[in-house]
Each structure stands twice: as structure tokens, then as C-alpha cells.
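Here's the letter readout for the chains.
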Amino acid sequence: QVKLVESGGGLVQAGGSLRLSCAASGSISSINVMGWYRQAPGKQRESVASVTSGGSTNYAGSVKGRFTISRDNAKSTVYLQMNSLKPEDTAVYYCNTAGYSNSSQGFSSWGQGTQVTVSS
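An account of the accompanying structure is given in this report. (Residues numbered from 1 in each chain as written. Predicted model: local features only at pLDDT ≥ 70, side-chain atom pairs only at ≥ 80, totals over all residues. Heavy atoms only, no water.)

1. What about the sheet that holds strand S8 (residues 77-82)?
The strand order across the open sheet formed by 4 strands is S1-S3-S8-S7, and the pairing between neighbours is antiparallel. Looking at the sheet topology across the chains shown, the edges are occupied by strand S1 (2-7) and strand S7 (67-72). Along the sheet, successive strands turn relative to each other by an average axial angle of 15 degrees, direction set aside. Across 6 bridges, the pairing between S1 and strand S3 (residues 18-26) is antiparallel. Bridged to Glu6 within S3 is Cys22. (Pairing = 2+ DSSP bridges. Helix = DSSP H or I, 4+ residues; strand = E, 2+ residues; numbered from the N terminus. Axes fitted to C-alpha atoms, helices over the stretch in contact; angles between N-to-C directions.)

2. Comments concerning the state of the cysteines
In total, this model carries 1 disulfide according to the counting rule given. The partner cysteine of Cys22 in its disulfide is Cys95, sulfur to sulfur 2.1 Å. Every disulfide takes its handedness from the sign of the S-S torsion; for Cys22 and Cys95 that torsion is -80 degrees, giving left-handed. In this pair, Cys22 is assigned in strand S3 and Cys95 in strand S9 (residues 91-101), connecting sequence segments 73 residues apart. Both residues of the pair, Cys22 and Cys95, count as buried. (Disulfide = S-S within 2.5 Å. Buried < 20%, exposed > 50% of the residue type's maximum accessible area, 1.4 Å probe, protein only.)

3. With respect to the nonpolar core
Grouped together as the largest cluster of nonpolar side chains are 30 residues, with contacts concentrated most on Trp36, Leu80, Met82 and Tyr93. Sorting the residues of this core by element identifies S1, S3, strand S4 (28-39), strand S5 (46-52), S7, S8, S9 and strand S11 (114-119) as the ones contributing at least two each. (Core = buried A, V, L, I, M, F, W, Y, C linked by side-chain atoms within 4.5 Å.)

4. A look at the pattern of salt bridges
In a structure, side chains of opposite charge can pair up when their charged atoms sit close to one another. On inspection of all chains with the given rule, the structure shows 3 salt bridges. In this structure, Asp89 and Arg66 form a salt bridge, with 2.7 Å as the shortest nitrogen-oxygen distance. Highlighted residues: Asp89 in the loop between S8 and S9 and Arg66 in the loop between strand S6 (57-59) and S7, separated in sequence by 23 residues. Across the pair, exposure class does not vary: Asp89 and Arg66 are buried alike. When salt bridges with common partners are traced through the structure, they connect Arg38, Glu46, Arg66 and Asp89 into a single cluster. (Salt bridge = Lys/Arg side-chain N within 4 Å of Asp/Glu carboxyl O.)

5. As for the packing of aromatic side chains
Tallying each qualifying case throughout the model produces 1 aromatic pair. Relative to Trp110, the ring of Tyr37 has its centre 4.9 Å away and its plane inclined at 65 degrees; by these criteria the two rings are edge-to-face. Separated by 73 residues along the polypeptide, Tyr37 in strand S4 and Trp110 in strand S10 (residues 106-110) bring together distant segments of the chain. Judged by relative accessible area, Trp110 falls into the partly exposed class, the value being 40%. Here the guanidinium or amino end of Arg45 rests over the ring plane of Tyr94, the centre of that ring lying 3.8 Å away. Above the face of the Trp110 ring, Arg45 is positioned so that its terminal group lies 4.6 Å from the ring centre. (Phe/Tyr/Trp six-rings, centres within 6.5 Å; stacked < 30°, edge-to-face > 60°. Lys NZ or Arg CZ within 6 Å of the ring centre and 35° of its normal.)

6. What to know about the pairing of S5
By the bridge criterion, 6 bridges tie S4 to S5 in an arrangement that is antiparallel. Bridged to Val33 within S5 is Thr52. Hairpin connection between S4 and S5: a loop of 6 residues separates the two successive antiparallel strands, and Gly42 in this loop has a positive phi of roughly 75 degrees. Pairing of S5 with S6 involves 3 bridges; the strand directions are antiparallel. Bridge pairing links Ser50 to Asn58 in S6. If you look at the hairpin formed by S5 and S6, you'll find 4 residues sitting between the two strands, and Gly55 has a positive phi there, around 95 degrees.

Purely geometric stuff here, so don't read any function into it on its own.
See the structure below:
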């Protein structure tokens with residue numbers, strides 16, 4: 001079983017910055033993709049950013065140029081540096097990882113979510 005533990009959310013004023021972290025642990029052989037999603041009240045969960053094991057990144061248009069995703073493969077950890085935050089970035093942010101366990105089974109796991117609130 002793969003467990004994800006997120007940290008780094010909080011309350012920040014518009015224009016400020018936050019850094020989210022998500023550490024994966026458990027029976028992990030390899031992690032292919034690590035990503036961040038968010039869900040605002042009354043809206044569907046949406047992809048924010050993702051990074052592959054090779055370092056290729058993908059961003060939602062609404063965050064491109066403001067957010068940066070990175071990963072530390074040795075620590076099985078993914079980060080999301082969020083700069084120039086806007087009130088519309090307010091949401092619960094979820095980490096997701098996909099890969100293979102030590103028993104060669106594929107997995108896709110979600111973190112518990114961390115609240116990010118941006119005040120105007």
C-alpha cells in the first residue's frame with residue numbers, strides 16, 4: 001500500500017507564495033508520474049501540474065508561469081511552488097502518484113488534501 005502525506009497549505013494574501021510537499025511511502029518499486037490536482041468548492045477536481053520520472057512537466061494554462069512542479073526521486077517527494085497566488089487559486093490541493101509496487105502491481109494513490117486559501 002502506498003501512502004501520500006501532504007503539507008504546506010495555508011492562508012496567504014494575493015500575490016504571495018506557498019510551497020506544497022507530498023511524500024510517498026510504502027511498497028514502492030517505481031513512481032512514473034507525480035502530480036497535483038485541486039478542487040474548489042462547487043467545482044470538479046482539475047489537474048494543476050504533473051512531472052514524469054524523466055522530469056517532463058505539464059501545467060494547466062491557468063497556472064503556467066506562476067507554479068513550478070519538481071520532484072526528488074530519492075525521497076519519493078513532489079513539490080509545488082506557487083507564486084503570484086490569486087484568489088481563484090483557492091482550493092483543496094491533492095497529490096497523486098502512479099507507479100508500480102514491489103510486487104509489480106500498478107498503483108495510483110491520492111493524498112488527503114491540503115487547503116490553500118488566497119485572500120484578496
